[in-house]
Every structure is written in structure tokens, then in C-alpha cells.
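So the chains spell out like this:
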Amino acid sequence: MSQFWKPGTERPQGRVVDDEEGGVLFLSGSHHSSSSSRYGYASIDKQRQRLPVFKYRTAILYLVETRATTIIVGETGSGKTTQIPQYLKEAGWAAGGRLIACTQPRRLAVQAVASRVAEEMGVKLGEEVGYTIRFEDVTKPDVTVLKFLTDGVLLREMMDDPLLTKYSVIMLDEAHERSISTDILLGLLKKIQRRRPELRLIISSATIEAKSMSDFFRMRKKRREPENEEHGLQVEPVILSVEGRGFNVQINYSEEPVQDYVQAAVSTVLLIHEREPAGDVLVFLTGQDDIDASVQLLNDEVQTTGKHSSGLIVLPLYSGLSRAEQELVFSQAPRGKRKVIISTNIAETSLTLEGIVYVVDSGFSKQRFYNPISDIENLVVAPISRASARQRAGRAGRVRPGKCYRLYTEEYFLNHMSNEGIPEIQRSSMVSCVIQVLDDDAKLTSPTGFQVAEIPLDPMVSKMIIASSQLGCSEEIITIAAVLSVQSIWISGRGIQKESDEAKLRFAAAEGDHVTFLNVYKGFHQSGKSSQWCHKNYVNYHAMRKVLEVREQLKRIAKRIGLVLKSCESDMQVVRKAVTAGFFANACHLEEYSHNGMYKTLRGSQEVYIHPSSVLFRVNPKWVIYNSLVSTDRQYMRNVITIDPSCLLEAAPHFYQLQQSNHLLR
DNA sequence: GAGCACTGC
């Protein structure tokens, strides 16, 4: 362990200041604000040196060498994500066959950063610089030394290598977003540090959470491991702050509380357009309904009172849009026109829009909440946190000084908004990730429990796949699992409702949605995977490509864990059995006296209804199993299949024994 | 006869 090669680094010039609580250091470099000149014809090296993070290069390397954990607070545009991994490599942290890892919460960011770094280093992507995301491993063993990956992938790598021995440094980027995977990684990495004192962590976080990150990684003095001290390694974490390249954003608050934020957003946009100089506008609302409504209102305004609002190009932005519609948002507005983008939270973290000068912030977003008693996840419109509000405002200052209009009062911002949002881990069901982090004492059943943990899907889906291997219908079940993993394989939208409903009926199977998916997949396959075929049948071609991709991945995993790949041809009875084996806990029985299609769940007797998008809507079979619940004014079951109640006992005698003795199984 | 903020393995 002690043979690990440590690169020698000079002590930096800057000041190292001890925090009064001991341990936490702020290292203040010289704060010459770098000019924000655009990349001109400068060489890549020159460009790299112009980034704000460059003048902290020595400091960062010094801290990484001498501290187990370094926390970097970097604003957007500091260059930390692309530069720090390169500094580490230049300093020798990738020598001796070790790797440097840099994680991101999102796949797209992983790909983008990796290709940028490969370009800067002048190497081919997938050689010295590579990346890994689910379904895509662009790395070369023994060649790749800088590896970018999603935090979910790193978590999964821990299943095979719990101490992550091949990495010398792990940088967790965007840790302030507190995704479930990031949070679990933070916890596990802290444990790994005790066993691997030579491992270095870099946590990149936004200002506000930096202190709590540092507190988390500070080891208690009593429990400090003596061997770490012998290493000459300081176990107390350190915080280093790197300035960004953002411009000042002037904040304007509403003077009175706003009654209707859609209306207020529309008026504000019109006011900006009337009074403010050129520059695009970004409006944050909560969801598709709000956004479509305000796009409509603004366009009506453009039509009726052409004078004020001519020159406005109004564009919606949310994840449900087609690719072509999303791309419109990135195109530059014609000269003399002002672009107004009305968006969900997608523009707060996932997408970066250039040219935004004005931001209108409704103060709300849709957030997931989980009720562990009913085991139901809900999507609710809720106030955002101050951290979110700052993030939204920051979107106005990327190209030049901007303005942010908050549709709430300053008093509300200061006294009623929470400082930080509730981390995702506290708002979600943990079924999918808990199985990954159980240790040897967790008593996973053999072999099923271990196989379930190997498949990167919800445990119920995994169980269904494993059962299908024994039932001889794994080809079909893997197709169903792949379809369930994409959002929707149907094209939907205004104006084509009737046609798409009719198209769906052509594939409808009496057994329910799962078998309907098989029919669609069969048709798609027989058409030669044709996009025209999809178009004609109101099937989403991009979704079907994704289904193919996921399907191949699942087949590979199935083979690896020793499952039998076999088709049951047209025997849908075994398909239903396999679905039941996975989803027995979601069984429901029709309450016949109710005459309105009300079902009750066997587990918990909750009132549920078949979702109108299901092929079994209004068919109301006596016994069904659902894939998931959507919670609105009612609880709707999405993706439903008919079952035989005797299969329930067969599939899960341990689960339904009690119910049977209570005569709940009729 | 209803609707899906955003991610991820």
C-alpha cells in the first residue's frame, strides 16, 4: 500500500489560512479578474492558461498531494472540470497503471467533457482519455488514464471492486446537485479512505454546501487512523475556492406576491421586450401545461397587438419535446428578433443556453416526493430553494451583465425559501439503489438476489427477467423490460390524439400493455426497423432505437449471469407468469360493486384505476398487475397486464400466504 | 378519457 508513487509538488505561493474551527483551510490566490475574451486564435495551451482555474494549478496539486480530501468550490466557467484531471495527469497521478476518475451526474456531460479533454490533449477519444456511461464504454484497458464517467457507473464499479483500487484520484464533480448516486458515493468513498489512505478525493461543489461537505469528510480526532499520520497525510479536508467567469446579474423582486405566475411571467416578458435592450429571455416555469399556456398567451399577444411584441420568437423547452423542437432553442434568433425560451428545470442544470441576458423566475418547480407508507412517488409543484434561485439567476450572466426578475417578493426569498433543496435521497424510493450497496451481511438470496443486483434495472424488472429464463420466455421479457425502460414508445401531441389512439388499437392485445409492446416490437422488427413504419403507426422511432439498444445490453448481461435466452413463440401464458413473478407485489383486484373501474391493491387495499393510456382502460379485467402508479387526482396504474390469481400464489407464496388466510385472494 | 420536473445503472 505504501509503495504508491507520490508526485512531488512544490508548496504554492498563496496563503494557507487555518479555519478557526481547525482543519478547514481557505486558500486565497491572487484575484486578478481574468478578462473574458473569447477564444481567438490562441493555441490550446494559451487557451488553457487563460482559464481562471489555471492560477490555482500549483495549489490544487499541492493540496491533493498532502490532503486526503480536497473540496473545490468553482463557479461556472472556471474550467475546473476539464483542467483539474489534466493537471493531475501532468503531475504523475496516472503513473504506475493507475487511473484518474472524474464523475458527472449526467451522461451528456460525461461525453462532452471527455471529448473536450481529448481534444485539448491532442489524443483520440477512447485512448488515453475515455469515458464510460451505461450502455457505452469508450475506454481502452491499460491505455486510458483519464476516465470520465457518470457517478452511477462508478457506484456500479464498486460491486466488482469495492475499494476502487485502480483509481489514484477520484474527482466528484457537481456534488452540490446531491443526486442519489453522488450521495451514496460520498458515503462509500469516506469509508474507502480508511482502507486506502493513498486514495485522493476531490469534491467539486457550489459555495453553499462546501462547508457541510467538509464537515462530512472531517474525521473525528479520536478515530483518526494512526497509519494515515505515518503517511504524512493530513486527513482534514480543505476547501479551495476558484472564481468563475460569470457576469453580474441585477436582481429584481416582485413588489407584491404574485397570484398567477403564468400571467405574471407573460407580462414580465412583454415588459422586458418593451423596455430593455436586445438580449434573449429565459423563463422558468414548472411543467408542460404552464409552458404551453404561456407560449400560447405570448403568441396571441404577438398576433393581436403586433406593435409591442413584434420581433418576439417564443419557444417552449421541456424534456418531452421531440429532438427537432428542442434544437430550435439553440438556434440563434434572426437579427432584430428577441428569443424567449420558456422552460422547465431542464435549463437550470442539464442544458446551457447561450445568449441569455434576462431571466424570469417563477420561484416554483415540479419536485418528486416519496411517501414511504403508501410507497407512492408524487410529482408536486413546490417552491424552489434559494440555491436554485441563484442558479437560475446565474443563467442571465453568461455573456454579459444581465437581469433576473423574480416573481416573488424579497421578503419571501429571505424569510420563507429554504436555503437548499431537500436532497433527492430523502425524496425517493430507494428500491433500485439499495440492492447495490448491501455488503456481505445483507443476506442476498442465492442466486436470485445476486442476479437481481447485477441487472441495472428496478429489482422488480430484474426479477421478472430472471424468472423468464426459467419459464423459457426471456427473449420476450427482455423486450418488455427494454420498452418499460424508455419513457413512451407512442407519439403523442395535440391534434393527433385520435389517430394515435386508433393506431394503438391495431397492436392491442387482450392480455394487456406488455403483450401490446411485444406486438409493436414484432412489427417494427419485421419492417426492417423502419422509421417510415414508425411514422405510419404513431410509434416513436427514437424510442424504438433506444429499445433496441437497451435490449442488446440486457441480453449481454443475461448471458453473463448465466440466464437462458429463449423465445416462447406465441405462448403468452408464460409471459404473464414471468411478469407476475417480478411484479406480484403490484397485484390488484377489481371492486365490482363500484361500477367505475375502481381497483384495490392487494398489498394495502389502496384505491387505484387503470390509466386511460392503457389498452385495458374500460376493459377492466378482474385481476391485473401494474408496472407503476401515477398519482394525480387519482392513482392511475400505468402498463397493466391481466393475471391469473393462482399464479400469484405460485409466484410468491411467502407474500400472499397471509392474504389468503384472510380470504383476500378471491 | 389523462398527462410525464430532471437524472442514472
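Please refer to the structure placed before this passage.
Residues numbered from 1 in each chain as written. Chains lettered and ligands numbered in written order. Predicted model: local features only at pLDDT ≥ 70, side-chain atom pairs only at ≥ 80, totals over all residues. Heavy atoms only, no water.

Visitor: Could you clarify how one ought to interpret the overall build of chain A in this entry?
Guide: Helices and strands together make up the secondary structure of chain A, namely 26 helices and 23 strands. For chain A, buried positions account for 50% of its 666 residues. Sequence-distant contacts in chain A: of pairs separated by 6 or more residues, those separated by 24 or more amount to 71%. Element-wise, carbon and sulfur atoms account for 50% of the exposed surface of chain A, whose accessible area totals about 32,400 Å². (Helix = DSSP H or I, 4+ residues; strand = E, 2+ residues; numbered from the N terminus. Buried < 20%, exposed > 50% of the residue type's maximum accessible area, 1.4 Å probe, protein only. Contact = heavy atoms within 4.5 Å. Areas by Shrake-Rupley, 256 points an atom, 1.4 Å probe, with all protein chains shown as cover.)

Visitor: What should I look at first to understand unusual backbone geometry in this one?
Guide: With the exception of glycine, most residues fall at negative phi, and the peptide bonds are largely trans. Phi is positive for leucine 164, which is not a glycine, with a value near 50°. In this fold, leucine 164 is placed in the loop between helix 5 (151–160) and strand 8 (167–172). By relative accessible area, which is 1% here, leucine 164 ends up buried. Even without a glycine there, the phi angle at glutamate 569 is positive, about 55°. What makes glutamate 569 exposed here is its relative accessible area of 64%.

Visitor: Help me out: how do you make sense of helix 18 (residues 459–471) in this one?
Guide: Note on helix geometry: an α-helix contains 3.6 residues per turn, so any two residues three or four positions apart are oriented the same way. In this model, helix 18 (13 residues) spans 18 Å end to end at C-alpha, consistent with the 18 Å of a helix rising 1.5 Å per residue. Those residues of helix 18 that sit buried are Pro459, Val461, Ser462, Met464, Ile465, Ile466, Ala467, Ser468 and Ser469. Along its buried surface, helix 18 packs onto helix 16 (431–434), helix 17 (448–454), helix 19 (474–485), helix 23 (541–560) and helix 24 (572–583). The N-cap of helix 18, judged by a side-chain oxygen 2.8 Å from the amide nitrogen of methionine 460 a few residues on, is aspartate 458. Positioned one or two residues after helix 18, glycine 472 has a phi angle of 75°, which is positive. (Expected span 1.5 Å × (residues − 1). Polar contact = N/O pair within 3.5 Å; in protein donor to acceptor, adjacent residues only side chain to side chain.)

Visitor: It is not clear to me how the environment of valine 281 should be interpreted in this structure. Could you clarify?
Guide: Within the secondary structure layout, valine 281 lies in strand 12 (residues 280–284). When the C-alpha positions of valine 281 and valine 357 are compared, they lie 6.3 Å apart, and in sequence the two are 76 residues distant. When neighbours within four sequence positions are excluded, valine 281 is seen to be in contact with Val269, Ile272, Arg338, Lys339, Val340, Ile341, Ile356, Tyr358 and Val360.

Visitor: Any chance you could explain the nonpolar core here in plain terms?
Guide: Core analysis: the largest hydrophobic core is formed by 58 residues, its most contacted members being Met464, Ile465, Ile477, Ile489, Met544 and Leu648. Contributions of two or more residues to this core are made by helix 18, helix 19, helix 21 (513–526), helix 22 (531–536), helix 23, helix 24 and strand 22 (623–631). No other element matches the eight residues that helix 23 contributes to this core. For isoleucine 477, the residues in contact, after removing those within four places along its chain, are Met464, Ile465, Ser468, Val575, Ala578 and Val579. Core analysis: the second largest hydrophobic core is formed by 34 residues, Tyr131, Val145, Leu146 and Val242 among them. (Core = buried A, V, L, I, M, F, W, Y, C linked by side-chain atoms within 4.5 Å.)

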